[in-house]
Amino acid sequence: MNVLVLYGTRWGGTEKVAQTIGKALQDEGHVVEVVDVKEAPESIAAYDLILVGSGLRADKWTKESEAFVEKNAAALKAKKLALYVSCSMADRKDEGYNVGKKRYLDDFAAKYSLTPIAMGYFGGLMDFSYSHGLLVDIIVRVNRRNLRKNGLDTASVHDTRDWAAIEAWGHEVAKIAQSTT
Ligand SMILES: Cc1cc2nc3c(=O)[nH]c(=O)nc-3n(C[C@H](O)[C@H](O)[C@H](O)COP(=O)(O)O)c2cc1C
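Being a predicted model, the structure only gives us computed values, none of them experimental.

Parameters at a glance
Residues numbered from 1 in each chain as written. Predicted model: local features only at pLDDT ≥ 70, side-chain atom pairs only at ≥ 80, totals over all residues. Domains from an automatic or database assignment. Pairing = 2+ DSSP bridges. Helix = DSSP H or I, 4+ residues; strand = E, 2+ residues; numbered from the N terminus. Right-handed = clockwise from strand over helix to strand, strands pointing away. Expected span 1.5 Å × (residues − 1). Buried ≥ 20, exposed ≤ 12 C-beta atoms within 10 Å, placed from the backbone. Axes fitted to C-alpha atoms, helices over the stretch in contact; angles between N-to-C directions. Contact = placed C-beta atoms within 7 Å. Core = buried A, V, L, I, M, F, W, Y, C linked by C-beta atoms within 7 Å. Near = placed C-beta within 6 Å. Nonpolar A, V, L, I, M, F, W, Y, C, P; charged D, E, K, R; others polar.

Caption draft 1: Region of interest: the domain arrangement of the protein. In terms of domain boundaries, the protein breaks down into domain 1 (2–124 + 160–179) and domain 2 (128–157). Distance from the C-alpha centre of domain 1 to the C-alpha centre of domain 2: 27 Å.

Caption draft 2: Main features of the pairing of strand E5 (residues 118–122). Sheet topology places strand E4 (residues 80–86) next to E5; 5 bridges connect them, and they run parallel. For valine 85, the partnering residue across the bridge sits in E5 and is tyrosine 121. Read as a crossover between parallel neighbours, the route from E4 over helix H4 (residues 96–111) to E5 is right-handed.

Caption draft 3: Quick peek at helix H1 (residues 13–27). For H1, spanning 15 residues, the distance from its first C-alpha to its last is 22 Å, which sits close to the expected 21 Å at 1.5 Å a residue. Of all the residues in H1, the buried ones are Gly13, Thr14, Val17, Ala18, Thr20, Ile21, Gly22, Ala24 and Leu25. Following H1 by one or two positions, glycine 29 has its phi on the positive side, about 95 degrees.

Caption draft 4: Highlighting the sheet that holds strand E3 (residues 49–55). Taken together, the 5 strands give an open sheet; going across it, the order is E2-E1-E3-E4-E5, and neighbouring strands pair in parallel fashion. Two strands in the sheet have a free side with no partner beyond their single neighbour: strand E2 (31–36) and E5. Averaged over all pairs of adjacent strands, the angle between their axes in this sheet comes to 15 degrees, without regard to strand direction. With respect to the sheet, H1 is in contact with strand E1 (2–8), E2, E3, E4 and E5, its orientation differing from that of E1 by roughly 165 degrees.

Caption draft 5: How the structure looks around the environment of aspartate 162. Checked against the element boundaries, aspartate 162 lands in the loop between strand E7 (158–159) and helix H6 (163–179). Considered as a pair, aspartate 162 and valine 17 are 145 residues apart in the sequence and their alpha carbons are 9.1 Å apart. Setting aside its immediate chain neighbours within four residues, aspartate 162 contacts Phe122 and Gly123.

Caption draft 6: Region of the structure containing the nonpolar core. In this structure, Val5, Leu6, Ile21, Ile50 and Leu51 are the most contacted members of the largest nonpolar core, which totals 40 residues. Counting only elements with at least two residues in this core, the list comes to E1, H1, E2, E3, helix H2 (63–71), E4, H4 and H6. Here valine 5 is in contact with Ala18, Ile21, Gly22, Val32, Glu33, Val34 and Leu51, once residues within four sequence places are set aside.

Caption draft 7: Summary view of the site of the ligand. For the ligand, the set of nearby residues contains 21 residues, the closest of which are Gly13, Thr14, Gly55, Cys87 and Gly124. Within the residue set of the shell around the ligand, elements represented by two or more residues are H1 and strand E6 (125–126). Of the residues in the shell around the ligand, the class split is 8 nonpolar, 10 polar and 3 charged.

Caption draft 8: Structural detail: the pairing of E3. Among the 7 residues of E3, 7 are classified as buried, and the element is accordingly described as predominantly covered. Here E3 shows no split at all, with Leu49, Leu51, Gly53 and Gly55 on one side and Ile50, Val52 and Ser54 on the other all buried. Bridge analysis of E1 against E3 gives 6 bridges, and the strand direction is parallel. Residue pairing for E3: tyrosine 7 is matched across the bridge by glycine 53.

Caption draft 9: Seen up close, unusual backbone geometry. A positive phi is found at alanine 58, a non-glycine position, where the angle reads about 45 degrees. With respect to the secondary-structure elements, alanine 58 resides in the loop between E3 and H2. Here the phi dihedral of aspartate 59 falls at roughly 70 degrees; this positive angle occurs in a residue that is not glycine. Topologically, aspartate 59 is positioned in the loop between E3 and H2. Accessibility expressed as a C-beta count within 10 Å gives 12 for aspartate 59, which makes it exposed.

Pasting the structure below:
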């Protein structure tokens, strides 16, 4: 199968998620391209299976990844499609876990009337040593103490991307894609 793995990223964390998924699909014998959604091909006609994913900010996919889905919704309906996200809600041990999963995947797919063959929900990367934009940087600086109290120490890197789970999902998508016509 010709496979296109697209990713939307603001701070770079989702790129390696996409590459890990792509490698798993390649290991299953598929021809895989992993592409930043900002450079997505004009037409997706050449692909049998398309995976689209994004990191989250304030409950939103990147604008380019959502714009891609919106623009290509009709074409995606005729393809095998999988969606995935890499975000902090996936790490929650409370109801937030399900809230994020529903909001970022189920509701997102429903918004564009899509029926993905699989959906992946993964942890993300938060590194406050680099800028997240002036406004966010100021908010983080002002709230540093509160954030720490709530378990987010902005002085350290939080990387909860579970590579084994991400890779396993890539293999699972390959299997589901092969078993569906
Ligand atoms: C300012 C900011 C806002 C965020 N908002 C959310 C959010 O609403 N929901 C969520 O699950 N994760 C949120 N996250 C976590 C990111 O989705 C996570 O860091 C992800 O790995 C970012 O991916 P990217 O680096 O590819 O953009 C936020 C992170 C930052 C820095």
